[in-house]
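Listed below are the residues making up each chain.
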Amino acid sequence: MSSRPSDVTAVIDLVAVRGTGPVRAQRPVYVDLLPPCNDACPAGENIQAWLEHARSGRWREAWLTLVRDNPLPAVHGRVCYHPCEDRCNRGALDSAVSIHAVERYLGDRAAQEGWQLAVEAPPSGKRVLVVGAGPSGLSAAYHLARLGHAVEIHDAGPLPGGMMHFGIPAYRLPRADLMKEIRQIEAMGVKIVLDHKVEDLLDEKAKGGFDAAFVAIGAHLSRRVDIPARDAARVLDAVGLLRGVDAGEPPRLGRRVVVYGGGNTAMDAARTARRLGAEEALIVYHRDRAHMPAHAFEADEALEEGVKIKWLTSIKEIVGPSLIVEAMELDAQGRPQPTGRLETLSADAVVLALGQQADSAFLRKIPGTEFFPDGTVKVSDSMMTGHTGVFAGGDAVPGERTVTAAVGHGKKAARHIDAWLRGSEWRRPPRHPGVSFDMLHLPVYSDAARSEQTALPPSQRIDDFAEVLAGLTQAEAAFEAKRCLSCGNCFECDQCYAACPEQAIEKLGPGRRYLYLYDRCTGCAVCFHTCPCHAIEMVPEPK
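Residues numbered from 1 in each chain as written. Predicted model: local features only at pLDDT ≥ 70, side-chain atom pairs only at ≥ 80, totals over all residues. Heavy atoms only, no water.

Novice: Honestly, the overall build of the protein chain in this entry has me stumped. Any pointers?
Specialist: Within the protein chain, the secondary structure is distributed over 19 helices and 19 strands. When the backbone C-alpha atoms are referred to their principal axes, the protein chain occupies close to 105 × 60 × 50 Å. Residues counted as buried form 49% of the 543 residues belonging to the protein chain. Partitioning the contacts of the protein chain with sequence separation of at least 6, the portion at a separation of at least 24 is 71%. Considering the protein chain, the positive charge centre built from 62 side chains and the negative charge centre built from 69 side chains are found 2 Å apart. (Helix = DSSP H or I, 4+ residues; strand = E, 2+ residues; numbered from the N terminus. Buried < 20%, exposed > 50% of the residue type's maximum accessible area, 1.4 Å probe, protein only. Contact = heavy atoms within 4.5 Å. Lys, Arg positive; Asp, Glu negative; His and termini not counted. Charge placed at Lys NZ, Arg CZ, Asp CG, Glu CD.)

Encoded structure:
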């Protein structure tokens, strides 16, 4: 039996590896991968999906897609710290997509055009009590209402919004924009009862005929610190300061104000002091900038407005108009250690911004409820406390204390409450595999500069509480949406369709993507290599 020429054997080997003709070793399949922006969003938004609508000018569809997960886009577009942008793959190319700015545009446009949130399910006949009208409570109420349940929110404050209203200054979140989105939730049938502090939850639940309760109280209580003070009247807490300003009753701070703390609330307190007329606002923090809890841009904006920051400094004592402070040094673990070097500072007022905690004392009356040492409530994976039918989320439970995380808690709680009311159990759907920048097959891209929001000049900001950042125009929002790389998901760019040498790909029409005709496909992988967003995988040929 004669053997084949060596060159023929080589060709056969190559065919077996590359998979062409009748011996195809691999075939392409369309996939949906998890983009990093979606993965990073604490509210669980399908960011890439609503950006795709926005890039095509389908603004209402973009908003409707967004609010399936988050009913407060105008708020989030202003106050979210956008971890999605920190993970955006476009950042490895030039700069991240300005997701928060497009989100704000959608929220503002919805309010301007009167778009309404929809109830998608028939009435369930079930009633749910929500305690707290902050971001977590509003989110839970919204999602429960969409699912057909009657919802009533009881809140101790005079206005809804919780810490969004009383803890975030108006220069970051104008109250009119906040209230527009809250009114949209009310228009769904959600009832908000104000100036109503819940003291006995089980009694209110029973008397109101509620089938379940969700506790979503905010962290309104300032953490205490043991600093000797001979003039306690000059010492304020940051939450009280911000609340007083919002209520139209700002305290008298004087010319020199010291703010003690290094978080975002400390930055807000110092910037607020400048707007109240303080000539000097000094932040004192016991660690360095690299270890501060505040976001870098918050500190940058404070510095732009004339706020000064004294790092590695701790307040030891308040004596009349003077502060005794001590210089600190960081040890190998980054923890501040005293040095014994003291200094005297002068201040007309001292504002403590050392963190907040929730007032959960009323929950201790509920049998079965357990607490962590910091006062937060222990909940199961379904967010139910130790008492059947009572759920908790937001600042009431351990976790990240941001508006976006609270909204995510509200959505998650609503799904669990809905399932419990229907006698079932909600399970989170499996997540798709993620897609990183090095998985993309990008063509040659020219830099597309990020659309920047215009800001008031620092010299004008401290005159009043007007909003510092402006929104994007429609053209800017559309351009920014088009910068999205659609990582891991097909956006029908036709690259695979145009590149296939065997015409083995069929277009199914707008929004329906493509179909492989495997009787023609040779498995050459040209489609895989030309797909810019890695929405195609090559898999072994079924045996």
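Resuming the write-up.
Novice: Hey, could you run me through the pairing of strand β2 (residues 127-131) in this one?
Specialist: Each regular strand displays side chains that alternate between the two surfaces of the sheet. Counted residue by residue, β2 has four buried out of five residues, so it is predominantly covered. One crossover worth recording links β2 to the parallel strand β3 (residues 150-154) by way of helix α8 (residues 135-146), and it is right-handed. Note that β2 and strand β5 (residues 212-215) share four bridges and pair parallel. For Val130, the partnering residue across the bridge sits in β5 and is Phe214. (Right-handed = clockwise from strand over helix to strand, strands pointing away. Pairing = 2+ DSSP bridges.)

Novice: Even after reading the chapter, I still don't get the sheet that holds strand β9 (residues 280-284), so can you show me in this structure?
Specialist: Within a sheet, neighbouring strands are paired by backbone hydrogen bonds and run either parallel or antiparallel to one another. Pairing is parallel in the open sheet, where five strands are placed in the order β7-β14-β8-β9-β10. Each edge of the sheet is formed by a strand with only one pairing partner; in this case those strands are β7 (235-237) and β10 (308-310). For this sheet the average axis-to-axis angle between neighbouring strands, irrespective of direction, equals 25°. Running over the sheet, helix α12 (residues 238-246) touches β7 and β14 (349-352) and is turned about 75° from β7. (Axes fitted to C-alpha atoms, helices over the stretch in contact; angles between N-to-C directions.)

Novice: Which parts of the structure should I look at to understand the packing of aromatic side chains?
Specialist: Aromatic rings in a pair are described by how distant their centres are and how their planes are angled relative to each other. For the structure on display, the rule yields nine aromatic pairs. The interplanar angle of 45° and the centroid separation of 5.7 Å between the aromatic rings of Trp63 and Trp115 together place this pair among those described as tilted. One end of the pair, Trp63, is in helix α4 (residues 59-67); the other, Trp115, is in the loop between α7 (99-113) and β2, and 52 residues separate them in sequence. We classify Trp63 as buried; its relative accessible area is 1%. The class of Trp115 is buried, set by a relative accessible area of 8%. Centroid distance Tyr171 to Phe465: 6.3 Å. Interplanar angle 25°. Geometry classified as stacked. In this pair, Tyr171 is assigned in the loop between α9 (163-166) and α10 (175-186) and Phe465 in the loop between α16 (458-461) and α17 (474-482), connecting sequence segments 294 residues apart. Look at Phe465 and you get partly exposed, because its relative accessible area is 24%. Aromatic ring contacts, followed pair by pair, group Tyr30, Tyr514, Tyr516 and Tyr518 into a single cluster. Between Arg55 and the ring centre of Phe491, over which it is positioned, the NZ or CZ distance is 5.1 Å. Directly above the aromatic system of Phe372 lies the positively charged group of Lys378, at a separation of 5.3 Å from the ring centroid. (Phe/Tyr/Trp six-rings, centres within 6.5 Å; stacked < 30°, edge-to-face > 60°. Lys NZ or Arg CZ within 6 Å of the ring centre and 35° of its normal.)

Novice: Sorry if this is basic, but what is going on with the pattern of salt bridges here?
Specialist: Pairing is possible between side chains that carry opposite charge, provided their charged atoms lie close to one another. Under the defined criterion, the tally for this structure stands at 40 salt bridges. A salt bridge links Arg431 to Asp39, with the shortest nitrogen-to-oxygen separation between them at 2.4 Å. On the criterion of sequence distance, the pair formed by Arg431 in the loop between α15 (403-421) and α16 and Asp39 in helix α2 (residues 36-40) is long-range, its members being 392 residues apart. Close ionic contact of Arg271 with Glu305 constitutes a salt bridge, the shortest N to O distance being 2.7 Å. Residue Arg271 is found in helix α13 (residues 264-275), and its partner Glu305 is found in the loop between α14 (296-304) and β10; the two are separated by 34 residues along the sequence. Of the two residues examined, Arg271 and Glu305, each falls in the buried class. Taken together, the shared-partner salt bridges in this structure form one network comprising Arg172, Asp268, Arg271, Arg275, Glu298, Glu301, Glu304, Glu305 and Arg461. (Salt bridge = Lys/Arg side-chain N within 4 Å of Asp/Glu carboxyl O.)

Novice: Looking at this structure, I do not really get the nonpolar core. What am I missing?
Specialist: One recurring pattern in soluble globular proteins is that nonpolar side chains are buried together. Residues Trp50, Leu51 and Ile417 are the most contacted members of the largest nonpolar core, which totals 65 residues. Not counting chain neighbours up to four residues away, the residues in contact with Trp50 comprise Glu45, Ala62, Thr65, Leu66, Ile99, Val102, Glu103 and Leu106. (Core = buried A, V, L, I, M, F, W, Y, C linked by side-chain atoms within 4.5 Å.)

Novice: Would you mind going over α12 with me for this structure?
Specialist: Residues separated by three or four positions in an α-helix point in the same direction, a consequence of the helix having 3.6 residues per turn. Taken residue by residue, α12 has Ala238, Val239, Leu241, Leu242, Gly244 and Val245 as its buried positions. The opening residue of α12, the one whose side-chain oxygen lies 3.2 Å from the backbone nitrogen of Val239, is Asp237. The positive-phi residue at the C-terminal boundary of α12 is Gly248, with phi of around 80°. (Polar contact = N/O pair within 3.5 Å; in protein donor to acceptor, adjacent residues only side chain to side chain.)

Novice: Just checking my understanding: could you explain helix α3 (residues 47-55) for this structure?
Specialist: Residues of α3 that are buried include every one of Ile47, Gln48, Trp50, Leu51, Ala54 and Arg55, and no others. Projection of α3 onto a plane perpendicular to its axis shows the buried side chains occupying an angular sector of 165°, all on one side. Summarising the contacts, the buried residues of α3 are in contact with α2, α4, α6 (83-87), α7 and α17. Positive backbone phi, at 80°, marks Gly57, one or two positions downstream of α3. (Arc of directions from axis to C-beta.)

Novice: Hey, could you run me through the sheet that holds strand β4 (residues 191-193) in this one?
Specialist: Here five strands make up an open sheet; going across it, the order is β4-β3-β2-β5-β16 and the pairing parallel. Edge positions in the sheet fall to β4 and β16 (390-392), since each of these pairs with one other strand and no more. Here the strands of the sheet are splayed against their neighbours by 20° on average, with no regard to which way each runs. Together, β2, β3, β4 and β5 form the strand contacts of α8, whose direction differs from that of β3 by roughly 165°.

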